[in-house]
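Take a look at the letters that make up each chain.
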2 protein chains.
Amino acid sequence: MTRMIVVLRLGHRPNRDQRVTTHVALTARALGADAVWVSTEDRALEKTVESVVRRFGGRFTIRTGVDWRKAIRAWKGEVVHLTMYGESLSKALPTIKTTKNLMIIVGAEKVPREVYDLATRNVSVGSQPHSEVAALAIFLDRYYGGKTLERGFGGRLRIVPNPRGKTVIDRGKGKERKAPKQG
Amino acid sequence: MTRMIVVLRLGHRPNRDQRVTTHVALTARALGADAVWVSTEDRALEKTVESVVRRFGGRFTIRTGVDWRKAIRAWKGEVVHLTMYGESLSKALPTIKTTKNLMIIVGAEKVPREVYDLATRNVSVGSQPHSEVAALAIFLDRYYGGKTLERGFGGRLRIVPNPRGKTVIDRGKGKERKAPKQG
């Protein structure tokens, strides 16, 4: 399947939103998206995300400084805008085709009205104010029926589930480091 | 049922973490927790969260400046620490009793080793680096079997799902404001 899932992050302000946008990007990667596109150029953000991909694996990519209007208009597939005002996730989800390319839009504070019209769907992950990171996480987890969360990434670093400590396998060093340090 | 669910946020630094901790708190509220306790005192954070509760309803509370070691030790019930190193969510979840009080611990960057031992469970929401907001959201969504996300809060402001605009009912004003402004 050559289907592609891209998360488009709108309204990113490098100073103010760096940490939350990093959470958006890493959540997108961990839950099965192929890429994050960010509307504002931010090289530091790119480096942070690329460093995780390099160490932990997968083919996830990041682009910043993306013209969002052009990107939405050029998209071939569904465009789902996550907003607390949209139709409810439980009703919308069964009608979103999983065979098509999917663009998921998440905004920072204010999203231009135009986005509501350009999107093929406006979907609310709960109608309460909370977090675009949480909304994206729940959307992707449910979209994939919970199947992407625990898949492997084939990276240099691999964490092995451990109820009481930290087990990190570093294939670059050919040895297992077990609970190497605190915290 | 008098069972209580509290999210304990560790390592909050008011300058650096205010936005992410706000996301943690509002995600906790939206997904069915009763309270968030934050290890560092932060009045501005309290005000932000209390303002959402006042407008959107529910009984969610926030406390900051909480002595986390004491709070964990005094807790009667399960203590689930969410960490990328823990046992996998899909295996752990069926064994976490839903009839007991539940404390969910989410850290900022580094979590003291002691927390891994004080917790009754260390659980990984995926073994990839992503976001404590995403981890909390997915944990609570799955814990409740998806049932809390779209429940009502009985607040003054209520958002009615709308596929193309914004419908906000303001009971304080006794009238419906429909798509009152852009963005």
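Up top you'll find the structure we're talking about.
Here the structure is a predicted model, which means the values were calculated and not measured.

Q: What's the story with the relation of the copies chain A and chain B in this structure? I'm lost.
A: Superposing the two chain copies requires a rotation about an axis and a translation along that axis. The operation relating chain A to chain B is a screw motion whose rotation component is 180°, with 0.0 Å of axial translation and a residual RMSD of 0.0 Å. The symmetry that links the two subunits is that of a two-fold axis. Within chain A, the C-alpha atom positioned nearest to the axis of rotation is that of Ala134 of chain A, 2.4 Å from it.

Q: Sorry if this is basic, but what is going on with the sheet that holds strand S6 (residues 121-124) of chain B here?
A: All names here are of chain B. The six strands lie next to each other as S3-S2-S1-S5-S4-S6, forming an open sheet whose pairing is parallel. The sheet is open, and its two borders are formed by strand S3 (61-64) and S6, each paired with just one other strand. The average undirected angle you get between the axes of adjacent strands in this sheet is 30°. Two strands pair when backbone bridges link them, and strand S2 (residues 35-38) and S3 are joined in this way by four bridges, in the parallel orientation. In the strand pairing of S3, Val38 is matched with Thr64. The sheet contacts of helix H1 (residues 14-30) involve strand S1 (5-10), S2 and strand S5 (102-107), and relative to S1 the element is tilted by about 170°.

Q: Is there a simple way to explain the pattern of salt bridges in this structure?
A: Any two side chains of opposite charge can pair, on the condition that their charged atoms come close. Per the counting criterion, the structure on display carries 20 salt bridges over all chains. Residue Arg43 of chain B pairs with Glu46 of chain B through a salt bridge whose shortest N-O separation is 2.0 Å. In this pair, Arg43 of chain B and Glu46 of chain B are both assigned in helix H2 (residues 43-56), three residues apart and thus about one turn of the helix distant. According to the relative accessible area criterion, Arg43 of chain B is partly exposed, its value standing at 42%. Look at Glu46 of chain B and you get buried, because its relative accessible area is 10%. Residue Glu114 of chain B pairs with Arg69 of chain B through a salt bridge whose shortest N-O separation is 2.8 Å. Of this pair, Glu114 of chain B sits in helix H5 (residues 113-118) while Arg69 of chain B sits in helix H3 (residues 68-74), and the two are 45 residues apart along the sequence. Relative accessible area serves as the criterion here: at 33%, Arg69 of chain B is assigned to the partly exposed category. What emerges from the salt-bridge pattern is a single network uniting Arg13 and Asp17 of chain A together with Arg19 of chain B.

Q: Which parts of the structure should I look at to understand the nonpolar core?
A: Across soluble globular proteins, you tend to see nonpolar side chains buried next to one another. Membership of the largest hydrophobic core comes to 76 residues, with the highest contact counts inside it found for Phe139 of chain A together with Phe139 of chain B. Once residues within four sequence positions are removed from consideration, Phe139 of chain A is found in contact with Val80, Leu82, Leu89, Leu93, Ile96, Leu102, Ile104 and Val125 of chain A.

Q: For this particular structure, what's the right way to read H2 of chain B?
A: For an α-helix the count is 3.6 residues per turn, leaving residues at separations of three or four pointing the same way. All names here are of chain B. Between its terminal C-alpha atoms H2 stretches 20 Å, which fits the 20 Å expected from 14 residues at 1.5 Å a residue. Within the sequence span of H2, burial applies to Leu45, Glu46, Val49, Val52, Val53 and Phe56. Buried residues in H2, looked at end-on, bunch into an arc of 130°, giving them a common side. Of the residues in H2, the exposed ones pointing more than 90 degrees away from the buried face are Lys47 and Arg54.

Q: Honestly, helix H6 (residues 132-143) of chain A in this entry has me stumped. Any pointers?
A: Residues and elements named next belong to chain A. Over its 12 residues, H6 runs 16 Å from end to end, which matches the ideal 16 Å to within 8%, given 1.5 Å per residue. Regarding H6, the residues found buried are Glu132, Val133, Ala134, Ala135, Leu136, Ala137, Ile138, Phe139, Leu140, Asp141 and Tyr143. Here H6 starts with a cap whose side-chain oxygen sits 3.0 Å from the backbone nitrogen of Val133, and that cap is Ser131. Positive backbone phi, at 60°, marks Gly145, one or two positions downstream of H6.

Q: Please explain the environment of Leu89 of chain A as it appears in this structure.
A: Here Leu89 of chain A lies in helix H4 (residues 89-92). The class of Leu89 of chain A is buried, set by a relative accessible area of 0%. Residues Leu89 of chain A and Ser127 of chain A, spaced 38 residues apart in sequence, show a C-alpha to C-alpha distance of 9.7 Å. Among all residues touching Leu89 of chain A, those that are not within four sequence positions of it are Pro94, Val123, Ser124, Val125, Ile138, Phe139 and Arg142 of chain A together with Leu149 and Glu150 of chain B.

Q: Got a minute to help me understand the interface of chain A and chain B in this structure?
A: Think of interface size as the accessible area that goes away when the parts come together; that is how it is often given. The partner chain B presents 61 residues to the 61 residues of chain A that form the contact. Approximately 5,300 Å² of surface area, both sides summed, lies buried where chain A meets chain B, with 55% of it carried by carbon and sulfur atoms. On the surface where chain A and chain B come into contact, there are four salt bridges. Here Asp141 of chain B and Arg142 of chain A are joined by a salt bridge, their closest N and O atoms 2.7 Å apart.

Q: Would you take a moment to explain the packing of H6 of chain A against helix H6 (residues 132-143) of chain B for this structure?
A: A pair of packed helices is captured by two measures, namely the crossing angle of their axes and the spacing between those axes. Taken N-terminus to C-terminus, the directions of H6 of chain A and H6 of chain B make an angle of 50°; their axes are 8 Å apart at the nearest point. On the basis of their axis angle, the class for H6 of chain A and H6 of chain B is oblique. Crossing of H6 of chain A over H6 of chain B shows right-handed handedness. For the pair formed by H6 of chain A and H6 of chain B, the contact residues are Val133, Ala134, Ala137, Ile138, Asp141 and Arg142 of chain A on the first element and Val133, Ala134, Ala137, Ile138, Asp141 and Arg142 of chain B on the second. Classifying every residue of the contact of H6 of chain A with H6 of chain B gives eight nonpolar, no polar and four charged.

Q: Would you explain the sheet that holds strand S5 (residues 102-107) of chain A in this entry?
A: Sheet strands pair by backbone hydrogen bonding; their relative direction is either parallel or antiparallel. All names here are of chain A. What the six strands build is an open sheet, ordered S3-S2-S1-S5-S4-S6; its pairing is parallel. In this open sheet, the two edge strands, each paired with only one partner strand, are strand S3 (61-64) and strand S6 (121-124). With strand direction ignored, the average angle separating the axes of adjacent strands in the sheet is 30°. Relative to the sheet, helix H2 (residues 43-56) contacts strand S2 (35-38) and S3, its axis offset from that of S3 by approximately 180°.

Cut-offs and rules
- Residues numbered from 1 in each chain as written.
- Chains lettered and ligands numbered in written order.
- Predicted model: local features only at pLDDT ≥ 70, side-chain atom pairs only at ≥ 80, totals over all residues.
- Heavy atoms only, no water.
- Least-squares fit on C-alpha atoms with pLDDT ≥ 70 in both.
- Pairing = 2+ DSSP bridges.
- Helix = DSSP H or I, 4+ residues; strand = E, 2+ residues; numbered from the N terminus.
- Axes fitted to C-alpha atoms, helices over the stretch in contact; angles between N-to-C directions.
- Contact = heavy atoms within 4.5 Å.
- Salt bridge = Lys/Arg side-chain N within 4 Å of Asp/Glu carboxyl O.
- Buried < 20%, exposed > 50% of the residue type's maximum accessible area, 1.4 Å probe, protein only.
- Core = buried A, V, L, I, M, F, W, Y, C linked by side-chain atoms within 4.5 Å.
- Expected span 1.5 Å × (residues − 1).
- Arc of directions from axis to C-beta.
- Polar contact = N/O pair within 3.5 Å; in protein donor to acceptor, adjacent residues only side chain to side chain.
- Buried area = accessible area lost by both parts, 1.4 Å probe.
- Parallel < 35°, antiparallel > 145°, perpendicular 65-115°, else oblique.
- Left-handed = near helix turned anticlockwise from the far one by under 90°.
- Nonpolar A, V, L, I, M, F, W, Y, C, P; charged D, E, K, R; others polar.

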